[in-house]
Amino acid sequence: MELKIFSGTANRPLAEDICRELGVPLGNALIGTFKNGETRVKIEEHVRGADVFVIQPTSSPGDHNIMELLIMIDALMRASAGRITAVVPYYGYAKQEKKTSGREPISAKLVANLIVTAGANRVVAVDLHAPAIQGFFDIPVDNLTAIPILAESLRTYDPHHIVVVSPDSGGVARATQFNDRIGAGLAFIAKQRPEPDVATVLNVVGNVRGKTAIIVDDMISTGGTLVEAAGRLCELGAKEVMAYAVHPVLAGNATELIAQSNLTRVVVTNTIPVPPEDRNGKITVINIAWLIAEAIRRIHEGTSVSALFQATHFRQEPLI
Ligand code: R5P
């Protein structure tokens with residue numbers, strides 16, 4: 001089967017970097033909007049029998065980007081693509097993966113149903129907010145992780161001076177995975193959400209005094225979790241606070257909040273594009289195109305994707 005890569009409009013620079021890594025051209029597709037606001041897609045090259053990957057994080061504007069992804073998959077399916085893989089580096093709606101009170105939807109499952117119904121044969125994601133979301137799909141899902149890549153830059157630091165912090169109990173496994181590559185101490189925060197998009201730190205479990213605290217999270221949305229956590233860690237005597245997070249959702253005024261906070265460094269990946277003006281002194285973006293490209297190569301060739309994460313060193317390329 002011929003390998004073909006297409007991109008929606010959500011993160012074309014990432015798709016271009018992935019194609020560069022793979023040495024294949026980006027597929028030619030028209031993606032636009034009709035005058036009535038509906039999404040218009042036309043695949044402009046033949047895909048019959050091809051092994052097609054569609055790159056589209058479902059980041060903001062999430063509903064629009066989901067619709068673009070679904071319509072692209074539909075067009076490829078009707079054009080007789082041999083296999084269609086939805087590459088969703090950031091899976092939106094992931095925080096709505098369970099009911100927390102009555103009469104709420106499980107939107108992460110609904111989106112999974114839509115992707116499968118549109119005609120996807122498999123999915124590639126990066127650090128799903130909840131790994132159980134893989135089970136929402138009755139097709140194969142490769143949930144890649146950028147955590148070892150993020151941890152790479154700290155491997156030269158003395159672990160005795162570092163404490164890796166999970167900003168909530170749900171993130172302890174992720175912080176442990178990060179720390180496995182560093183060998184520092186671990187701490188975690190008991191966080192409460194009195195209302196949606198508001199984070200309150202209740203307690204910090206673990207010793208942070210005199211240490212460089214590294215907060216590890218899957219995403220920065222409003223920035224509230226990070227900024228609250230950083231403030232509390234400083235009050236408890238942390239020498240410095242940095243944050244490493246995979247998905248830069250950066251909703252609302254998150255970038256300003258971070259700029260004004262006592263965080264000294266925030267490292268994210270390019271699963272979601274970060275405009276150059278937001279890549280300021282504090283925010284560094286690591287390009288993980290090579291990771292996604294390598295996963296695509298392995299899926300295409302039918303070799304192991306999990307073996308990719310057994311490497312002892314990972315490429316770490318800040319975006320200029
Ligand atoms: C929560 O479970 C997540 O792992 C993140 O901590 C959260 O989504 C960050 O959101 P915000 O930046 O809005 O506090």
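Everything numeric in this text was worked out from a predicted model, so none of it was measured. Counting from 1, residues in each chain are numbered in the order their sequence is written. A pLDDT threshold of at least 70 governs which residues receive local features in this predicted model, and a stricter bar of 80 or more applies before side-chain atom pairs are shown or counted, although totals over entire chains, interfaces and linings include all residues. Excluding hydrogens and water, the side-chain figures rest on all heavy atoms present in the structure.

### Concerning the pairing of strand 14 (residues 283-286)
Judged by which residues are buried, strand 14 turns out to be covered on both faces: I283 and V285 on one side and T284 and I286 on the other are all buried. Two strands pair under a simple rule: DSSP has to find at least two bridges between them. A run of DSSP states H or I qualifies as a helix once it reaches four residues; a run of E qualifies as a strand once it reaches two. Both are numbered from the N-terminal end. The pairing of strand 13 (residues 263-269) with strand 14 spans four bridges and is parallel. In the strand pairing of strand 14, V267 is matched with T284. For each residue, the accessible area found with a 1.4 Å probe, counting protein chains only, is set against the maximum for its type, and the residue is called buried under 20%, exposed over 50%, and partly exposed in between.

### So, the sheet that holds strand 4 (residues 51-55)
Strand order in the open sheet formed by five strands is 1-4-5-6-7, and the pairing between neighbours is parallel. Two strands close off the open sheet at either side, each with one partner strand: strand 1 (3-7) and strand 7 (141-144). Averaged over all adjacent pairs, the angle separating strand axes in this sheet is 20°, with direction ignored. Note on contacts: a residue pair is in contact if any heavy atoms of the two residues lie within 4.5 Å. All axes are obtained by fitting lines to C-alpha atoms, using only the stretch in contact for helices, and the reported angles, taken between N-to-C directions, cover 0 to 180 degrees. The sheet strands contacting helix 2 (residues 62-78) are strand 1, strand 4 and strand 5 (83-88), and the helix crosses strand 5 at an angle near 165°.

### Side note on unusual backbone geometry
The residue after S60, namely P61, is reached through a cis peptide bond having omega 0°. With respect to the helices and strands, the residue P61 is situated in the loop between strand 4 and helix 2. The phi angle at S80 is positive, at roughly 65°, despite the residue not being glycine. Overall, the relative accessible area of 29% leaves S80 in the partly exposed class. Even without glycine at this site, D127 takes up a positive phi of about 40°.

### Considering the domain arrangement of the protein chain
What the domain assignment reports for the protein chain is domain 1 (3-146 + 289-310) and domain 2 (148-285). The C-alpha-based centres of domain 1 and domain 2 are spaced at 27 Å. Each partner contributes to the interface: domain 1 provides 17 residues, whereas domain 2 provides 17 residues. Note on domain 1 versus domain 2: buried area summed over both sides is about 1,400 Å², and carbon and sulfur give 58% of it. Ranking the residues of domain 1 by area buried against domain 2 places Y90, K95 and A146 at the top, with a combined share of 38%. What makes a salt bridge here is a side-chain nitrogen of Lys or Arg within 4 Å of a carboxyl oxygen of Asp or Glu, nothing more. In this structure, the connection of domain 1 to domain 2 is made through zero salt bridges. Reported domain spans reflect what an automatic or database domain assignment gives. Buried area is understood as the total, over both parts, of accessible area removed when two parts are fitted together, assessed with a 1.4 Å probe.

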